[in-house]
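The primary structure of each chain is shown beneath.
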Amino acid sequence: SGGVPLHWSLPREETHLKVLFFGCACMVAWYVYGKEKRNRQQKAWDNQLVLDYPDIVSQLSLLSGAGMTIPAAWGKLALEYRDRRGEGRMFLRPGYEEMLKTWYEMQDGTGELKAYENFGRRCDNPQYRKFASLLI
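The shown structure was predicted, so the numbers you read here are calculated from the model rather than taken from an experiment. (Residues numbered from 1 in each chain as written. Predicted model: local features only at pLDDT ≥ 70, side-chain atom pairs only at ≥ 80, totals over all residues. Heavy atoms only, no water.)

## Notes on the overall build of the chain
Alright, step 1. Counting its regular elements, the chain contains five helices and zero strands.
Alright, step 2. Ordering the α and β elements of the chain from the N terminus gives α-α-α-α-α.
Alright, step 3. Radius of gyration (C-alpha) of the chain: 29 Å, far over the 14 Å computed for a compact globule of 136 residues.
Alright, step 4. Along the three orthogonal principal directions, the C-alpha set of the chain runs to about 115 × 30 × 30 Å.
Alright, step 5. Contacts spanning at least 24 positions in sequence make up 48% of the contacts within the chain whose residues lie at least 6 apart. (Helix = DSSP H or I, 4+ residues; strand = E, 2+ residues; numbered from the N terminus. Rg over C-alpha atoms; globule rule 2.2 N^0.38 Å. Contact = heavy atoms within 4.5 Å.)

Right, dumping it as structure tokens:
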């Protein structure tokens, strides 16, 4: 019969805009997650740094009281930590990691006073800054 041909199609959706929006939302979520993760890691590092402080000070005091110079005692503690950590007998200890960095600085030619100053600055903690000032 003489009818008009029918054409049917789904309504056109703007899929590319939805994908773009979803991609942007995922990027923002990934950024926020990464930032939060770094903040948690930094807080854990800072907390462990505070826990390491009494042990470091007491061991340095003991060794210097036994006649060792501060740089020699510093090196002894830092290198013992490095060896124990390398053997798997000790977990990561931020205070000792910073001591080891300071020891390496001194071995690479940085002056002792400057290395202790850098130590206090890197630790970014009032106790450690005061300790570094006493060493200087």
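Having seen the structure, we can now continue with the description.
## Side note on the nonpolar core
Alright, step 1. If you look at the biggest cluster of nonpolar residues, it comprises 24 residues, and the most contacted ones within it are Ile56, Leu60, Trp74, Met99, Phe119, Tyr128 and Phe131.
Alright, step 2. If you list the elements that add at least two residues to this core, you get helix H1 (15-65), helix H2 (70-86), helix H3 (94-107), helix H4 (112-123) and helix H5 (126-135). (Core = buried A, V, L, I, M, F, W, Y, C linked by side-chain atoms within 4.5 Å. Buried < 20%, exposed > 50% of the residue type's maximum accessible area, 1.4 Å probe, protein only.)

## What about H1?
Alright, step 1. In a regular helix each residue adds 1.5 Å, so 51 residues correspond to 75 Å; H1 covers 74 Å between its end C-alpha atoms and thus fits that length.
Alright, step 2. Taken as a whole, H1 carries its principal kink of about 35° at aspartate 52; the proline proline 54 stands between one and four residues after it.
Alright, step 3. Looking at H1, one finds that the buried residues are Gly34, Leu49, Asp52, Tyr53, Ile56, Leu60 and Leu63.
Alright, step 4. Along its buried surface, H1 packs onto H2, H3, H4 and H5. (Expected span 1.5 Å × (residues − 1). Bend = angle between axes of the 7 residues up to and from the residue.)

## Describing the pattern of salt bridges
Alright, step 1. The full count for this structure, using the stated rule, is 12 salt bridges.
Alright, step 2. Across the salt bridge formed by glutamate 87 and arginine 89, the nearest N and O atoms sit 2.6 Å from each other.
Alright, step 3. Under the relative-accessibility criterion, glutamate 87 is labelled exposed at 52%.
Alright, step 4. Several salt bridges share partner residues, and in doing so they unite Glu98, Lys101, Glu105 and Arg122 into one network. (Salt bridge = Lys/Arg side-chain N within 4 Å of Asp/Glu carboxyl O.)

## Topic: unusual backbone geometry
Alright, step 1. In the Ramachandran plot, aspartate 124 falls in the positive-phi region, its phi being about 50° despite a non-glycine side chain.
Alright, step 2. With respect to the secondary-structure elements, aspartate 124 resides in the loop between H4 and H5.

## Thoughts on the packing of aromatic side chains
Alright, step 1. If you walk through the whole model with that rule in mind, you get nine aromatic pairs.
Alright, step 2. A ring pair is formed by tryptophan 74 and tyrosine 116, whose centres lie 5.1 Å apart and whose planes are at 55°; its orientation type is tilted. Of this pair, tryptophan 74 sits in helix H2 while tyrosine 116 is found in helix H4, placing the two residues 42 residues apart along the sequence.
Alright, step 3. Note on tyrosine 116: relative accessible area 0%, which makes it buried.
Alright, step 4. The interplanar angle of 25° and the centroid separation of 5.6 Å between the aromatic rings of tyrosine 81 and tyrosine 96 together place this pair among those described as stacked. With tyrosine 81 in helix H2 and tyrosine 96 in helix H3, this residue pair connects regions lying 15 residues apart in the sequence.
Alright, step 5. By relative accessible area, tyrosine 81 is classed as buried at 2%.
Alright, step 6. With relative accessibility at 4%, the residue tyrosine 96 sits in the buried group. (Phe/Tyr/Trp six-rings, centres within 6.5 Å; stacked < 30°, edge-to-face > 60°.)

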